[in-house]
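# Residue-level structure breakdown
As a plain string of letters, each chain reads:
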Amino acid sequence: MPDSIHDYTSERMQQIYDSSRDEVILARSYLLQLRAQKQVAECHARIQLLENRQSMDTTIGSTSGPKAYLPKIPIPVFTGDLKKWTHFKDTFQLLVHNEAGLTNTEKFHYLLSAVKGEAATLLSSFSSEERSYTLAWNKLLQTYDNPRVLATFFIHRILDFESNHSRNELQNYEQFLTGVADNIHGYK
């Protein structure tokens, strides 16, 4: 009889532990999601501030007095690594793609200088013509900006996530959730 009470108690404790663990995981995921949303909002606010400053600089011209010169933002290099695609795409669009003062030929050369490895091979068949930029950029978008491919990539990263801690430790779950949040943020 004492063994059955012990088994029942152990079973009940395991159920309580599992239930609590699930609630901690859910709470942690909500917290990470809120943090990610806050970071995105802060980034958008910074971009808006920079755009407003740039707009003021162009309308005020030389009458504004001496300006502080910031170093140029480098265009990141993209090798075909999907986890770096979003950063590359966003930065390239901001610095080159959306820049009205550049011709498509100039944009194409910037694009070619910013891709290496697999991504460069993908664009190697394009010649240096005015229309090549649009075709090459669309080829990158079709290949790397495909929502299904990105979702599959990040789901595999989540499923392949390994922890170095014992499953019975809360740190294990926190580390796992951090990995999940990083992958979800990369997908957005």
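Anything mentioned here points back to the structure above.
This report concerns the structure included in the present document. What you are looking at is a predicted structure, and each value in this text was computed from that prediction instead of being measured.

Interhelical geometry of helix α2 (residues 85-97) versus helix α5 (residues 132-144) gives an angle of 160° and a closest axis separation of 12 Å. In terms of orientation, α2 and α5 fall into the roughly antiparallel class. Our pair here, α2 against α5, has a crossing hand that is left-handed. Residues Trp85, Phe88, Lys89, Phe92, Gln93 and His97 of α2 lie in contact with α5, whose contacting residues are Tyr133, Trp137, Leu140, Leu141 and Tyr144. When grouped by side-chain class, the residues that make up the contact of α2 with α5 number eight nonpolar, two polar and one charged.

A word on the side chain of Ser132. Note that Ser132 resides in helix α5. Residue class for Ser132 comes out buried when judged on its relative accessible area of 4%. For Ser132, the side chain forms a polar contact with the main-chain oxygen of Ser127, separated by 2.5 Å. For Ser132, the contacting residues outside a window of four places in its chain are Phe108, Phe126 and Ser127.

Turning our attention to the nonpolar core. Counting residues in hydrophobic clusters, the biggest one holds 19 residues, and the most contacted among them are Phe88, Phe92, Leu111 and Leu140. Those elements giving two or more residues to this core turn out to be α2, α3 (104-114), α4 (117-123), α5 and α6 (147-159). Here the element with the most residues in this core is α5; it accounts for five residues. Setting aside residues up to four positions removed in sequence, Phe92 forms contacts with Ile75, His97, Lys107, Tyr110, Leu111, Ala114, Tyr133 and Trp137.

Analysis parameters
Residue numbers restart at each chain and count upward from 1, following the sequence in its written direction. Only residues with pLDDT of at least 70 get local features here, since the model is predicted, and only at 80 or more are side-chain atom pairs given and counted; chain-wide, interface and lining totals rely on the full set of residues. Side-chain measures were taken over the full set of non-hydrogen atoms in the model, leaving aside hydrogen atoms and water. Axis lines are fitted to C-alpha atoms, over the contacting stretch for helices. Their N-to-C directions set the angle, which ranges from 0 to 180 degrees. Think of it this way: any DSSP run of H or I at least four residues long counts as a helix, any run of E at least two long counts as a strand, and we number them from the N terminus. Orientation labels follow simple angle bins: below 35 degrees gives roughly parallel, above 145 gives roughly antiparallel, 65 to 115 gives roughly perpendicular, and whatever is left gives oblique. A crossing counts as left-handed when the near helix is turned anticlockwise from the far one by less than a right angle, and as right-handed when that turn is clockwise. Contact criterion: two residues are considered in contact whenever any of their non-hydrogen atoms come within 4.5 Å of each other. Residues were grouped as follows: Ala, Val, Leu, Ile, Met, Phe, Trp, Tyr, Cys and Pro as nonpolar; Asp, Glu, Lys and Arg as charged; and all remaining residues, including Gly, as polar. Exposed residues in this analysis have more than 50% of their type's maximum accessible area, buried residues have under 20%, and partly exposed residues fall in between, with area computed by a 1.4 Å probe over protein chains only. Polar contacts, as used here, are pairs of N or O atoms within 3.5 Å; protein pairs need one atom able to donate a hydrogen and one able to accept it. Residues neighboring in sequence count only if both atoms are side-chain atoms. Definition of nonpolar core: a set of buried residues of the types Ala, Val, Leu, Ile, Met, Phe, Trp, Tyr and Cys, connected through side-chain atoms within 4.5 Å.

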